[in-house]
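Summary of the model geometry
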Amino acid sequence: MYQGRLRIFGRNVGRGKRRIIVILILVFLSLNFFNRVLAENIKLDNLNIKPEDLKKNFNPVANKFNEKTITTIIIDAGHGGKDPGSIGINKLKEKDIVLSFSLELKEELKKILPNVDIFLTRDKDIYPTLQERYKIANASAKIDSEKSKNALFISVHANASLNPNAKGFEAYFITAQESSEYARAVSILENSALVKFDKVDASKYEENASQLTHNYMLVEQHQKESRLLAQSIVDEVYKVSGVSKRNKPVQNALFYVLKGSLMPSTLIEIGFITNEEDAKFMNTKDTRIKMVKATANGIKKYIKEFEDTEGFTK
């Protein structure tokens, strides 16, 4: 069959026909190339990013690592105050579970990383808007100063599902395109506070997303680090006996709170509040602490790798 294909360039085909065939092949390859370029432009258009701006502003090296280690960690306890988050088994509220987890995570990190500054976006039952959360993170890391810190942002949430059998710990990092329809659904659920509690309508959200374009390009610089952070946490948590596992525990999606945080970041879903087994594990301090310690160890492991590779440059 392969020899038959070669025969079109044999003696039985005139020079004119050969030229036409060559031209057609070149046209096909050109169209394929432009289609790929167009596809990339469409992806950028979804983010309101012009290709020329991306080339101008996107610098994977500039302002990325100003210190030899991570010196600041910001923990964001999701929801709070007027926003209960998801409500699960026995009317368990997500806002309460993630606040307990976040307070315990801060204390554990202070023990194992004494030289790192630990901040919380909330330490009681209040509701900071999603914008206020990432502003706290950026301010804690002194992003706008000449002495910006190498920082990490950890947003803590609990998942929910109409399927009571759904369970497991998972972690997300930010990208423009969701890794799955499931990841997209999770991001929609977590971003819904924009409309429900921050009083931002859909059209305003798009405007805000446009204003965050430059921020998003900076976030893109940290995409590799965010993925490694998410994976490091999952690896350690999955060593804990009793923690339910997901088939695809690390995924990516467009979370508003991560989009505004200009540092490596991850959003962790510590379990399904609508699953009896997960809910009991999260709501029992003795078992929850095991997950907290594993999360802290995952962060410490990431920081060690950061130091050993000089900011993942080796």
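Presented here is a report on the structure given in the accompanying data block. Since the structure is predicted, the reported quantities are computational estimates derived from the model, not experimental observations.

**Structural notes on the overall build of the protein**
The helix and strand tally for the protein stands at 13 helices and six strands. Counting the 314 residues in the protein, one finds 46% classified as buried. Contacts spanning at least 24 positions in sequence make up 82% of the contacts within the protein whose residues lie at least 6 apart. Carbon and sulfur atoms form 53% of the exposed surface of the protein, whose accessible area is close to 17,100 Å².

**Focus on helix H13 (residues 285-308)**
Taking 1.5 Å per residue as the helical rise, H13 with its 24 residues ought to reach 34 Å, and the 34 Å between its terminal C-alpha atoms agrees with that figure. When we look at burial in H13, the residues that qualify are Arg288, Met291, Val292, Ala294, Thr295, Ala296, Gly298, Ile299, Tyr302, Ile303 and Phe306. Tucked into the core, H13 has its buried residues touching strand S1 (72-77), helix H4 (94-112), strand S3 (151-159), helix H10 (223-237), strand S6 (265-272) and helix H12 (276-283). Glu310 lies just past H13 and shows a positive phi near 50 degrees.

**Observations concerning the packing of aromatic side chains**
When we look at a pair of aromatic rings, we describe it by the centre distance and by the angle of the planes. Under the definition given, this model contains two aromatic pairs. With centroids separated by 5.3 Å and ring planes inclined at 45 degrees, the aromatic side chains of Tyr302 and Phe312 adopt a geometry described as tilted. In this pair, Tyr302 sits in helix H13 while Phe312 sits in the segment after H13, placing the two residues ten residues apart along the sequence. For the pair formed by Tyr302 and Phe312, the shared burial category is buried.

**Some details on the sheet that holds strand S4 (residues 170-174)**
What holds strands together in a sheet is hydrogen bonding between their backbones, with the strands either parallel or antiparallel. On the basis of which strands lie adjacent, the open sheet formed by six strands has the order S2-S1-S3-S6-S4-S5 and mixed pairing. One side of each edge strand has no neighbouring strand; the edge strands of this open sheet are strand S2 (117-120) and strand S5 (250-253). When the angles between neighbouring strand axes are averaged without regard to direction, this sheet yields 25 degrees. Pairing analysis gives six bridges linking S1 to S3, with the strands arranged parallel. Pairing of Thr72 across the sheet is with Ala151, part of S3. Here H4 sits on the sheet in contact with S1, S2, S3 and S6, set at roughly 160 degrees to S1. Across the sheet, H12 is in contact with S3 and S6; its angle to S6 comes to roughly 115 degrees.

**Some remarks on the packing of H4 against H13**
Relative orientation of the contacting elements H4 and H13 amounts to 50 degrees, with a least axis distance of 9 Å. By the angle between their axes, H4 is oblique relative to H13. Taken as a pair, H4 and H13 cross one another with a handedness that is right-handed. Of the residues in H13, those in contact with Ser100, Phe101, Glu104, Leu105, Glu108, Leu109 and Ile112 of H4 are Lys285, Arg288, Ile289, Met291, Val292, Lys293, Thr295, Ala296, Asn297, Ile299 and Lys300. Taken together, the residues of the contact of H4 with H13 break down into nine nonpolar, three polar and six charged.

Quick notes on the rules
Residues numbered from 1 in each chain as written. Predicted model: local features only at pLDDT ≥ 70, side-chain atom pairs only at ≥ 80, totals over all residues. Heavy atoms only, no water. Helix = DSSP H or I, 4+ residues; strand = E, 2+ residues; numbered from the N terminus. Buried < 20%, exposed > 50% of the residue type's maximum accessible area, 1.4 Å probe, protein only. Contact = heavy atoms within 4.5 Å. Areas by Shrake-Rupley, 256 points an atom, 1.4 Å probe, with all protein chains shown as cover. Expected span 1.5 Å × (residues − 1). Phe/Tyr/Trp six-rings, centres within 6.5 Å; stacked < 30°, edge-to-face > 60°. Pairing = 2+ DSSP bridges. Axes fitted to C-alpha atoms, helices over the stretch in contact; angles between N-to-C directions. Parallel < 35°, antiparallel > 145°, perpendicular 65-115°, else oblique. Left-handed = near helix turned anticlockwise from the far one by under 90°. Nonpolar A, V, L, I, M, F, W, Y, C, P; charged D, E, K, R; others polar.

Geometric values such as these leave the question of function open.
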